[in-house]
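Breakdown of the fold
So you can see what is in the structure, the chains are spelled out below.
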Amino acid sequence: MQCPMRKKRPTCDSDFTAIAVPSMHGSGYLDYTVETHASRSFKVMEEFRQQEMLCDLVLHVTYKDKSVDFKVHKVVLASCSPYFRAMFTSSFRECYAPEVTLRDVCPQVVGRLIDFAYTSHITVGEKFVLHLLLAAMRFQMEDVAKACCDFLIKQLVPSNVIGIARFAEDIGCTELHQRSREFINTHFNEVYKACTDWVRWDMEGRSQYLHALLNAVHIYALPPKFLKNQLLSCPILSKANSCKDFLSKIFQDMTLRKLPPAPNRGTQLIYVAGGYQEHSLASMEAYDPRRNVWLKLADMGSPCSGLGACALFGLLYTVGGRNLSLQTNMESSALCCYNPMTNQWSQRVSLNVPRNRVGVGVVDGCIYAVGGSQGSTHHSTVERWDPESNRWSFVCPMSVARLGAGVTACGGALYVVGGYDGQTRWNTAEKYQPDTNTWHQLAPMNTIRSGLGLVCVNSYLYAIGGYDGRSQLCSVERYNIARNLWEPRASMQSCRSAHGVTVHQGRIFVLGGFNQQGFLSSVECYSPEKNEWTCVTNMPVGRSGMGVAVTMEPCPGSLPELEEDEDGAA
């Protein structure tokens with residue numbers, strides 16, 4: 001007779017795994033693992049979220065004029081996002097806060113990320129994949145980012161591959177960037193046609209960018225027969241003489257079997273424009289880190305120091321500065337453009353106000369001129385140049401005036417740190433969001449710095465050197481965007497301010513500058529992985545206050561014959 005209190009034994013279940021392990025006493029024991037336990041638990045937590053039960057956090061998500069609240073469980077967000085894990089398990093005030101505000105991210109996108117955290121399911125679509133990828137990168141949700149990259153890889157076509165490759169490189173998606181480059185290499189005919197079709201739509205406005213597009217498709221990979229046909233029949237090339245000369249030179253090299261080795265394709269150089277040594281300089285050189293040589297390029301139209309520089313669509317731009325000598329001291333409002341294909345300078349529309357020691361950054365295809373000074377006036381204002389309209393327009397000003405600030409772009413935002421307002425040197429930092437035209441305060445640096453360099457590598461900002469009001473600095477600190485935190489990194493070998501700083505193939509290069517020993521010519525290179533600085537070369541002339549940027553190498557046919565020696569002097 002069965003005991004009435006005895007329960008029926010559970011039936012076997014495929015989710016129920018038993019492992020027999022012998023004990024020390026000769027008998028064994030069974031270790032049971034329920035394979036579906038985690039998914040069932042998350043399903044219950046999703047039910048709790050839908051019913052707003054046991055939620056311990058309200059996320060206020062604001063974007064432009066929209067604001068949406070999400071009630072969630074901190075532990076769920078922290079379990080799939082290192083960003084939220086750091087927020088909720090560290091000394092940040094958000095750790096115990098019942099409410100947290102996320103700015104400048106679309107609520108619909110955040111909603112999708114929250115759904116993924118609870119359900120492990122994400123739907124990726126063409127209309128919002130870029131926004132979803134940016135948000136996944138911001139909140140360090142690696143699985144969502146991989147899904148977005150996989151979707152974009154499947155959507156690659158000749159008309160979008162260059163844009164996707166550039167986007168992937170900007171945000172640090174290595175696999176997506178590599179796959180985009182592979183697509184270009186294996187579909188170069190179609191990509192080339194997409195480039196020329198784009199230029200043909202607006203010949204007058206877009207022909208100047210054709211050389212950058214040709215460089216992007218690795219033009220040396222095109223077959224000689226295809227190049228020959230383009231030279232004979234392409235209507236675009238007949239109106240873009242510099243590009244036609246470029247293709248002619250490549251075709252000639254191919255027929256003479258003078259092709260460069262594969263690593264040379266798409267070579268990027270470090271350009272150094274102007275600067276100051278007892279007086280402002282008009283010279284420009286380019287450094288090739290791969291060959292350790294300097295190239296002498298066409299001088300600027302007039303001497304200039306304290307200028308900013310950047311690269312946009314393959315062209316090099318210099319912004320503002322001043323011409324300082326015994327005879328003159330005149331601030332500049334100039335925007336000048338250097339074309340590597342022709343080794344020539346041209347003028348664009350001027351800034352609204354002159355800006356000496358201006359900061360420059362590029363966001364969404366526009367150039368931003370940040371702060372600087374005119375005479376005794378130190379600017380808090382910021383201007384934006386749109387290449388399509390060739391116009392400068394003011395955007396929302398910074399919280400304070402800043403001369404010699406560090407400026408860089410990262411993740412679609414503009415970051416500004418340090419600087420000098422004529423009375424105070426700053427350690428403060430702020431971020432500009434173009435989509436909302438607003439500035440947001442960030443954690444201050446550990447050190448006051450003006451005349452510093454600021455660059456972005458792998459979604460970290462590096463503030464390098466500068467002047468603290470007493471002496472030049474060799475110290476470096478890194479800003480963790482996800483944690484809103486500055487942390488020290490290895491110091492440079494030389495203290496310097498008003499130096500040039502740029503990123504070349506994932507490494508940071510620091511050039512020249514000034515300290516108590518005078519004007520520096522040394523160039524140091526920093527490896528983020530090793531956290532080490534090494535001296536790599538010397539500039540032909542020591543200087544400070546120059547404009548530095550990275551873009552493609554000049555067309556060989558546009559340069560005079562140079563003798564280059566191994567120590568880097570041309």
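Structure's up top.
Residues numbered from 1 in each chain as written. Predicted model: local features only at pLDDT ≥ 70, side-chain atom pairs only at ≥ 80, totals over all residues. Heavy atoms only, no water.

Structural notes on the overall build of the protein
Applied cut-off: Each helix is a run of DSSP H or I of at least 4 residues and each strand a run of E of at least 2, with the numbering of both proceeding from the N terminus. Residue exposure (1.4 Å probe, protein chains only): buried if accessible area is under 20% of the type maximum, exposed if over 50%, otherwise partly exposed. In what follows, residue pairs with any heavy atoms lying within 4.5 Å of each other are defined as contacts. To be clear on the numbers: accessible area is Shrake-Rupley with a 1.4 Å probe, and residue cover counts the displayed protein chains and nothing else.
Secondary structure summary: the protein contains 13 helices and 35 strands in total. Taking all 570 residues of the protein together, the buried fraction comes to 50%. Long-range contacts, defined as pairs at least 24 residues apart, comprise 54% of the intrachain contacts of the protein with a sequence gap of at least 6. Surface exposure of the protein reaches about 28200 Å², of which carbon and sulfur atoms provide 50%.

Some points on the pairing of strand 16 (residues 366-370)
Applied cut-off: At least two DSSP bridges between two strands are required for those strands to pair.
The element strand 16 is largely enclosed, with a buried count of five among its five residues. Along strand 16, one buried face is formed by C366, Y368 and V370 and the opposite face, lined by I367 and A369, is buried too. Between strand 15 (residues 359-363) and strand 16, which pair antiparallel and follow one another directly, the connecting turn spans two residues, one of which, D364, has a positive phi of 50 degrees. Across four bridges, strand 16 lies against strand 19 (residues 382-386) in antiparallel orientation.

Quick word on the nonpolar core
Quick note on the threshold: The definition of a nonpolar core used throughout is a set of buried Ala, Val, Leu, Ile, Met, Phe, Trp, Tyr and Cys residues joined through side-chain atoms within 4.5 Å.
Counting 53 residues, the largest nonpolar core has L59 and L133 as its most contacted members. L269, M284, L316 and W345 belong to the second-largest nonpolar core, a separate cluster that totals 17 residues.

Quick look at helix 4 (residues 107-119)
Put simply, the rule reads: How far a helix is expected to stretch is found by multiplying one less than its residue total by 1.5 Å.
The terminal C-alpha atoms of helix 4, which comprises 13 residues, lie 18 Å apart, in line with the 18 Å expected from a rise of 1.5 Å per residue. At its buried positions, helix 4 is contacted by helix 1 (37-50), strand 3 (57-63), strand 4 (66-72), helix 2 (74-80), helix 5 (129-138) and helix 6 (142-154). Note on helix 4: the residue one or two positions beyond its end, S120, has a positive phi of about 65 degrees.

With respect to the sheet that holds strand 30 (residues 507-511)
Filter applied, for reference: The angle between two axes is taken between their N-to-C directions and runs from 0 to 180 degrees, where each axis is a line fitted to C-alpha atoms and a helix contributes only its stretch in contact.
Spatial strand order, 29-30-33-34: four strands in an open sheet with antiparallel pairing. Both edges of this open sheet fall to strand 29 (500-504) and strand 34 (532-538), since each of them pairs with a single strand only. With strand direction ignored, the average angle separating the axes of adjacent strands in the sheet is 25 degrees. Taken together, the four bridges between strand 30 and strand 33 (residues 522-527) define a ladder with antiparallel strand orientation. Across the sheet, V510 pairs through a bridge with E524, a residue of strand 33.

A word on the packing of aromatic side chains
Here is the rule: Aromatic pairing here means that ring centres of Phe, Tyr or Trp (its six-membered ring) are within 6.5 Å. Orientation follows from the plane angle: under 30 degrees is stacked, over 60 is edge-to-face, and everything else is tilted. For a lysine, the NZ atom is tested; for an arginine, the CZ atom; a charge sits over a ring if that atom is within 6 Å of the ring centre and within 35 degrees of the ring normal.
Enumeration according to the criterion identifies 15 aromatic pairs in this entry. With 5.2 Å between their ring centres and 85 degrees between their planes, Y83 and F84 make a pair best called edge-to-face. Just as Y83 is buried, F84 falls in that class too. Site record: aromatic cluster; members linked through ring pairs are Y83, F84, F88 and F139. When the ring centre of Y460 is taken as origin, the NZ or CZ atom of R478, which lies over that ring, is 3.9 Å away.

Topic: helix 1
An α-helical turn contains 3.6 residues, so any two residues separated by three or four positions project in the same direction. With 14 residues, helix 1 should reach 20 Å at 1.5 Å per residue; the first-to-last C-alpha distance of 20 Å fits that figure. Within two residues after helix 1, E52 carries a phi angle of roughly 55 degrees, on the positive side.

Re empty space enclosed by the protein
What counts is decided by this rule: Residues are called lining when one of their atoms sits within 4 Å of a cavity or pocket point, these points coming from a 1 Å grid over the protein atoms alone, where a cavity is a set in which a 1.4 Å probe fits but cannot get out and a pocket is an open set with protein on both sides within 12 Å along at least five of seven lines. Grid points are joined across faces, edges and corners, and a volume is the space filled by probe spheres set on the points.
Applying the stated criterion across every chain yields a total of one cavity of 30 Å³ or more. Put simply, the largest cavity is a space of about 70 Å³. Mapped onto the lining of the largest cavity, the elements with two or more residues apiece are helix 2 and helix 4. Here the lining of the largest cavity gets four residues from one element, more than from any other, and that element is helix 4.

Side note on the sheet that holds strand 13 (residues 335-339)
Strand order across the open sheet formed by four strands is 9-10-13-14, with antiparallel pairing between neighbours. The open sheet has two free edges, formed respectively by strand 9 (308-312) and strand 14 (344-348), since each of these has just one partner strand. With strand direction ignored, the average angle separating the axes of adjacent strands in the sheet is 25 degrees. Two elements, strand 10 (residues 315-319) and strand 13, share four bridges in a ladder whose sense is antiparallel.

Read these as geometric descriptors, not functional statements.
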